Amino acid sequence: MVIKIRKHWKIGLLILLLLAAAVTGWRIWKSRTPEGQVRRQLLQLVECVSKREGEGTAAGLWKGRAIAELFAPECTFEFRTEMFGGTYTPSEISADLARFRMMFAQVEVGMRKLVISFPTPTEATADFTGHLIGTLKHGATVDAVRELVCHLQEIDGEWKITSIMVREILER
């Protein structure tokens, strides 16, 4: 009886390891596709904008540098208010992100309903719902949801964000 249990246990473990290897291989293969690369860039953007409670200055500086790598040499922002709209360089975006993050004690940015399309092999469009929830340093909370469209272009083998805009939604 003990021999049968050990044999079944080893077979179960082998199947589990093979399954884990297959899932890992699939994820690596998927992340190398253009869609996987675009998705990774957008997830990196979400991570750079988010600020965990108690996050230090060093993490903020690292995220500021990392976010600059995500954008094309010129990126256009089109939001409902002209105050935030315009064309910016990666260094300007990084500086603005640092100011934005200093206003918050903590802020979490999320992305839902992501749909990626490729009008051309070197251009991508990502439609998604963005969700920002945070606590300002003076205690007020912010909870905002927006439909966003993000355009990316492949530049020197890397997908870079060329524009981000809020999609206007008709309300009754």
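Up top you'll find the structure we're talking about.
Procedures and definitions
Residues numbered from 1 in each chain as written. Predicted model: local features only at pLDDT ≥ 70, side-chain atom pairs only at ≥ 80, totals over all residues. Heavy atoms only, no water. Helix = DSSP H or I, 4+ residues; strand = E, 2+ residues; numbered from the N terminus. Pairing = 2+ DSSP bridges. Contact = heavy atoms within 4.5 Å. Core = buried A, V, L, I, M, F, W, Y, C linked by side-chain atoms within 4.5 Å. Buried < 20%, exposed > 50% of the residue type's maximum accessible area, 1.4 Å probe, protein only. Expected span 1.5 Å × (residues − 1). Arc of directions from axis to C-beta. Axes fitted to C-alpha atoms, helices over the stretch in contact; angles between N-to-C directions. Phe/Tyr/Trp six-rings, centres within 6.5 Å; stacked < 30°, edge-to-face > 60°.

Caption draft 1: Region of the structure containing unusual backbone geometry. You will see that Lys 113, though not glycine, has its phi angle at about 55°, which is positive. Residue position: Lys 113 is located in strand 3 (residues 104-120). Its identity is not glycine, yet Asp 156 carries a phi of approximately 50°, on the positive side. Here Asp 156 lies in the loop between strand 5 (141-155) and strand 6 (158-166).

Caption draft 2: Broad picture of the pairing of strand 1 (residues 71-78). In the sheet, strand 1 pairs with strand 6 via four bridges, with the strands oriented parallel. Within the sheet, the bridge partner assigned to Thr 76 lies in strand 6 and is Ser 163. When strand 1 meets strand 2 (residues 86-88), the two strands line up antiparallel, connected through three bridges. Among the inter-strand pairings, Phe 77 is bridged to a residue of strand 2, identified as Gly 86.

Caption draft 3: Region of the structure containing the environment of Phe 118. In this fold, Phe 118 is placed in strand 3. Considered as a pair, Phe 118 and Gln 153 are 35 residues apart in the sequence and their alpha carbons are 9.8 Å apart. Leaving out residues up to four positions away in the same chain, Phe 118 has contacts with Pro 34, Glu 35, Val 38, Glu 123, Ala 124 and Trp 159.

Caption draft 4: Highlighting the nonpolar core. In this structure, Leu 45, Ile 67, Phe 71, Ala 126, Cys 150, Leu 152 and Ile 161 are the most contacted members of the largest nonpolar core, which totals 32 residues. Those residues in contact with Ala 126 that lie beyond four places of it in its chain are Leu 42, Leu 114, Val 115, Ile 116, Leu 148, Val 149, Cys 150 and Leu 152.

Caption draft 5: Examining helix 4 (residues 90-102) more closely. The terminal C-alpha atoms of helix 4, which comprises 13 residues, lie 18 Å apart, in line with the 18 Å expected from a rise of 1.5 Å per residue. Turning to helix 4, its buried residues are Pro 90, Ile 93, Ser 94, Leu 97 and Arg 101. Projected onto a plane normal to the axis of helix 4, the buried residues spread over an arc of 100° and lie on a single side. Away from the buried face of helix 4 by more than 90 degrees, exposed residues Ser 91 and Met 102 are located. Elements that come into contact with the buried residues of helix 4 comprise helix 2 (34-49), helix 3 (57-68), strand 1, strand 2 and strand 3.

Caption draft 6: Structural detail: the sheet that holds strand 3. With mixed pairing, six strands are arranged side by side in an open sheet as 2-1-6-5-4-3. Every interior strand has two partners, whereas the edge strands, strand 2 and strand 3, have only one. Geometrically, the sheet is characterised by an average inter-axis angle of 25° between neighbouring strands, direction not taken into account. The pairing of strand 4 (residues 123-136) with strand 5 spans 13 bridges and is antiparallel. Note that in strand 5 the partner of Thr 129 across the bridge is Glu 147. Set on the sheet, helix 4 makes contact with strand 1, strand 2, strand 3 and strand 4; between it and strand 1 the angle comes to about 55°.

Caption draft 7: The packing of aromatic side chains, seen in detail. In the structure shown here, the tally under the stated rule is four aromatic pairs. Aromatic side chains Phe 100 and Phe 104 sit 5.0 Å apart centroid to centroid with 50° between the ring planes, which places their arrangement in the tilted category. Residue Phe 100 is classed as partly exposed on the basis of its relative accessible area, which comes to 24%. Exposure remark for Phe 104: the relative accessible area of 3% places this residue in the buried category. Where Phe 118 meets Trp 159, the ring centres are 5.7 Å apart and the plane angle is 65°; that geometry is what we call edge-to-face. With a gap of 41 residues between them, Phe 118 in strand 3 and Trp 159 in strand 6 connect regions that are remote in the sequence.

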